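These are the residues of each chain, in order.
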Amino acid sequence: LPGSPFDRLIWDHCLLRIEEEEVLPTLTSHLRNSIVNQDPFFVDPGLRNYRLQINSPAIDAGLDLSLRYDLDIRGLADSARTLPFDIGAYEYIPE
């Protein structure tokens, strides 16, 4: 989207679904460490359960923000964290 306000955006550590194939090459220079057009393997998005399944590409694919944040949206921490955050609102915690 050259020349638009979106031309200055950087999409960093995001889950993106881009359905218009012709748009993807234009956005490629704006993507950093993002997961594009891959199934994020949410537990049950139909029931708004956006926790990650064990095979999700979003696990450990996020930016390490542990100096600023140590809890996910539920207020839970990953006590075994040795890698960066997951992408998304919920940190994957094996059951």
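Colleague: I tried to follow the overall build of the protein on my own but got confused; where do I start?
Modeller: For the protein, the count of helices and strands is 1 helix and 6 strands. Beginning at the N terminus, the succession of helices and strands in the protein can be written as β-β-α-β-β-β-β. For the protein, the residues scored as buried account for 24% of the 95 residues in total. By sequence separation, contacts in the protein at least 24 residues apart represent 29% of the contacts at least 6 residues apart. For the protein, the computed accessible surface area is about 6,900 Å², with 56% contributed by carbon and sulfur atoms.

Colleague: It is not clear to me how a nonpolar patch on the surface should be interpreted in this structure. Could you clarify?
Modeller: Taken together, the side chains of L63, L65 and Y69 define a hydrophobic patch exposed on the protein surface, amounting to about 270 Å² of accessible area. Looking at the secondary structure, you find L63 in the segment after β6 (49-52). Note on L63: relative accessible area 44%, which makes it partly exposed.

Colleague: Help me understand the nonpolar core, please; the structure alone is not making it clear to me.
Modeller: Buried together is how nonpolar side chains tend to be arranged in soluble globular proteins. Formed by C14, L16, I18, L27, L31 and V36, the largest nonpolar core amounts to 6 residues. With sequence-adjacent residues up to four places away left out, I18 is seen in contact with V23, L24, L27, V36 and N37. Formed by 5 residues, the second largest nonpolar core is a distinct cluster that contains I35, L52, I87 and Y92.

Colleague: What's the story with the packing of aromatic side chains in this structure? I'm lost.
Modeller: By convention here, two paired aromatic rings are described through the distance between centres and the angle between planes. For the structure shown, the criterion picks out 1 aromatic pair. Centre to centre, the rings of F42 and Y50 are 5.2 Å apart; their planes meet at 85 degrees, and the pair counts as edge-to-face. Note on Y50: relative accessible area 38%, which makes it partly exposed.

The rules behind the values
- Residues numbered from 1 in each chain as written.
- Predicted model: local features only at pLDDT ≥ 70, side-chain atom pairs only at ≥ 80, totals over all residues.
- Heavy atoms only, no water.
- Helix = DSSP H or I, 4+ residues; strand = E, 2+ residues; numbered from the N terminus.
- Buried < 20%, exposed > 50% of the residue type's maximum accessible area, 1.4 Å probe, protein only.
- Contact = heavy atoms within 4.5 Å.
- Areas by Shrake-Rupley, 256 points an atom, 1.4 Å probe, with all protein chains shown as cover.
- Patch = residues over 30% accessible without salt bridge, like charges linked within 9 Å, V, L, I, M, F, W, Y side chains within 5 Å.
- Salt bridge = Lys/Arg side-chain N within 4 Å of Asp/Glu carboxyl O.
- Core = buried A, V, L, I, M, F, W, Y, C linked by side-chain atoms within 4.5 Å.
- Phe/Tyr/Trp six-rings, centres within 6.5 Å; stacked < 30°, edge-to-face > 60°.

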